[in-house]
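Topology and contacts: notes
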Amino acid sequence: MKVRLLAATATAVLLGTGVPVPAAAGPAAPAPAALALVPVAPASVPATAGAAASGVPASGAVPPAPCPKAPAPRVSRPPRPSPPPAAPSERAVGGPALDTAGLVVPPGAARPPAVTAISWLVADLDTGEVLGGCGPHEYGTPASVQKLLLAATMLPRLDPRQVVTVTDGDMDIEPGSSAVGLVAGGRYRIETVWLGLLLQSGNEAANVLARLGGGTDGMAGGVRAMNEEAHRLGALQTHAVTPSGLDGRSQFTSAYDLALIARACFADPTFRRYALTETHRIPAQPAQRTKGFEIQNENQLVYRYPGALGGKTGFTDLARHTYVGAAQRNGRRLVVTLLGAEPQPARGWEQGAALLDWGFSLPRGSAVGRLVEPGELTASAAAPPPAPAATGDPRPAAASGPLEDGLIVRWPVAVAVATAVALLGVALLWRRRAGRRG
């Protein structure tokens, strides 16, 4: 309760400053033939007086604009679990324009491609600007893209050179679900386990890593650490029940939260190297009489999209297809997240590629909101703002969102005042000491 109260307070402070939205974008972005572009009303609408100052449409001012949808075949799926009650403070994280079940794009922006995904978001990995989205704070089921939260949590904790033994408990995964081929009793470097997780979406690999990073509580401790990390990142709508993303009761996320998690992952050079690895050899286990074999990266974006940085695919009958992908073009790094997609008329990575093309077609600075910084929403409202990065030095992607204009103005003034007070105190102390010595 205390953390949610702090999060709500911090969110209210953020929303008071507003998020700048730039002017019109360029021409419509090209899209794969299977993803036809459809007319859609721009997200810019008459705003209230408070919102007009920031250029962000007031939440609830008009009915949400419909998201461009591609026709998809009917499929049978398990009953969707009921998500938690919508919390206004959580839906407005990143800016009030993101609190919509419909489409939100910059004024005059090119039309996004029609996709089958229920919700999606495109953001800049470096600046943290949200370029657009469809229902960015709508609850969805993650499937294996949840493995990115496992990576964001455990990569800093585990030594990739360490050799570990797989247990029988690690092999307790749903029959027929994704596995990389590790064997109980087998000994593997942690780096190999990570590659099995990210290239082949191995659910047993997820269990190994969660157990190792969970301390004395094992896998349960690992899942708890994942939820703590999600909250630290500002992913307040994310709740993990399984480390792999296999469906679990009350397990949810959102397209916005996935972008926060992906940003943290791509800030890690080890993750970036793993995500772009095309093949890796799983070593033989003579004691278990298993031969070595090669695995391939199943994310087709890596092979087919110029400038691809990698990402993660996911699928369960309940979640349908989920996807996170990132790419770089002309010195600009964008990430796309999508939930609840169908593979027809285009697969998840192809829908992600089309949305990345759309994002790259927008001029720099286009935004409808922003990705919050790690720790921003859980910090005490009374805590001082963080010091800005040194001039000329690039900041890590996971901590590179733009500061609000008000903070940019007030922080140097506060520093100057504090410095003057300190100098005055030193002068007074010197005079007193000089008087005592005379």
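Calculation rules
- Residues numbered from 1 in each chain as written.
- Predicted model: local features only at pLDDT ≥ 70, side-chain atom pairs only at ≥ 80, totals over all residues.
- Heavy atoms only, no water.
- Buried < 20%, exposed > 50% of the residue type's maximum accessible area, 1.4 Å probe, protein only.
- Helix = DSSP H or I, 4+ residues; strand = E, 2+ residues; numbered from the N terminus.
- Pairing = 2+ DSSP bridges.
- Axes fitted to C-alpha atoms, helices over the stretch in contact; angles between N-to-C directions.
- Parallel < 35°, antiparallel > 145°, perpendicular 65-115°, else oblique.
- Left-handed = near helix turned anticlockwise from the far one by under 90°.
- Contact = heavy atoms within 4.5 Å.
- Nonpolar A, V, L, I, M, F, W, Y, C, P; charged D, E, K, R; others polar.
- Polar contact = N/O pair within 3.5 Å; in protein donor to acceptor, adjacent residues only side chain to side chain.
- Salt bridge = Lys/Arg side-chain N within 4 Å of Asp/Glu carboxyl O.
- Disulfide = S-S within 2.5 Å.
- Expected span 1.5 Å × (residues − 1).

1. Details of the pairing of strand β3 (residues 129-134)
The buried fraction of β3 is high, at 6 of 6 residues. Bridging between strand β1 (residues 103-104) and β3 involves 2 bridges; their strand directions are antiparallel. Each bridged residue has a counterpart across the sheet, and for Val104 the counterpart in β3 is Gly133. Relative to β3, strand β2 (residues 119-124) is paired through 4 bridges, and the arrangement is antiparallel. Bridging across to β3, Ala123 finds its partner in Val130. Pairing of β3 with strand β11 (residues 369-370), which is carried by 2 bridges, proceeds in the antiparallel orientation.

2. Re the packing of helix α4 (residues 147-154) against helix α6 (residues 203-213)
Where α4 meets α6, the closest approach of the two axes is 11 Å, and the angle between their N-to-C directions is 30°. Classified by the interaxial angle, the pair formed by α4 and α6 is roughly parallel. Of the two possible hands of crossing, α4 and α6 adopt the one that is left-handed. Seen from α4, the contacting residues are Lys147, Leu150 and Met154; seen from α6, they are Asn203, Ala206, Leu209, Ala210 and Gly213. Taken together, the residues that form the contact of α4 with α6 break down as 5 nonpolar, 2 polar and 1 charged.

3. Considering the environment of Asp268
Mapped onto the elements of the fold, Asp268 is located in the loop between α8 (255-266) and α9 (269-275). Between the C-alpha atoms of Asp268 and Ala151, which are 117 residues apart in sequence, the distance is 9.7 Å. A polar contact is formed between the side chain of Asp268 and the backbone nitrogen of Thr270, at a distance of 2.8 Å.

4. Focus: the pattern of salt bridges
Enumeration over the complete set of coordinates arrives at 15 salt bridges. Put simply, Arg224 and Asp217 hold a salt bridge, and the shortest N to O gap is 2.5 Å. According to the relative accessible area criterion, Asp217 is partly exposed, its value standing at 43%. Across the salt bridge formed by Glu350 and Arg347, the nearest N and O atoms sit 3.8 Å from each other. If you follow the salt bridges from partner to partner, you end up with Arg91, Asp99 and Glu138 in one network.

5. Remarks on the state of the cysteines
Applying the stated criterion across every chain yields a total of 1 disulfide. The residue that forms a disulfide with Cys67 is Cys134, at a sulfur-sulfur distance of 2.0 Å. Judged by the sign of its S-S torsion, about 105°, the bond between Cys67 and Cys134 is right-handed. Of this pair, Cys67 sits in the loop between α2 (49-54) and α3 (88-91) while Cys134 is found in strand β3, placing the two residues 67 residues apart along the sequence. For the pair Cys67 and Cys134, a shared accessibility class is recorded, and that class is buried.

6. Some remarks on the environment of Ala72
Tracing the backbone shows Ala72 in the loop between α2 and α3. Using a relative accessible area of 37% as the deciding quantity, one classes Ala72 as partly exposed. Sequence separation between Ala72 and Thr116 is 44 residues; the distance between their C-alpha atoms is 6.3 Å. Each residue touching Ala72, except ones within four places of it in the same chain, is listed here: Thr116, Glu342 and Gln344.

7. Overview of helix α7 (residues 218-233)
Taking 1.5 Å per residue as the helical rise, α7 with its 16 residues ought to reach 22 Å, and the 23 Å between its terminal C-alpha atoms agrees with that figure. The complete set of buried residues in α7 reads Gly218, Gly221, Gly222, Val223, Ala225, Met226, Asn227, Glu229, Ala230 and Leu233. Each element contacted by the buried residues of α7 is listed here: α4, α6 and α8. Positioned one or two residues after α7, Gly234 has a phi angle of 95°, which is positive.

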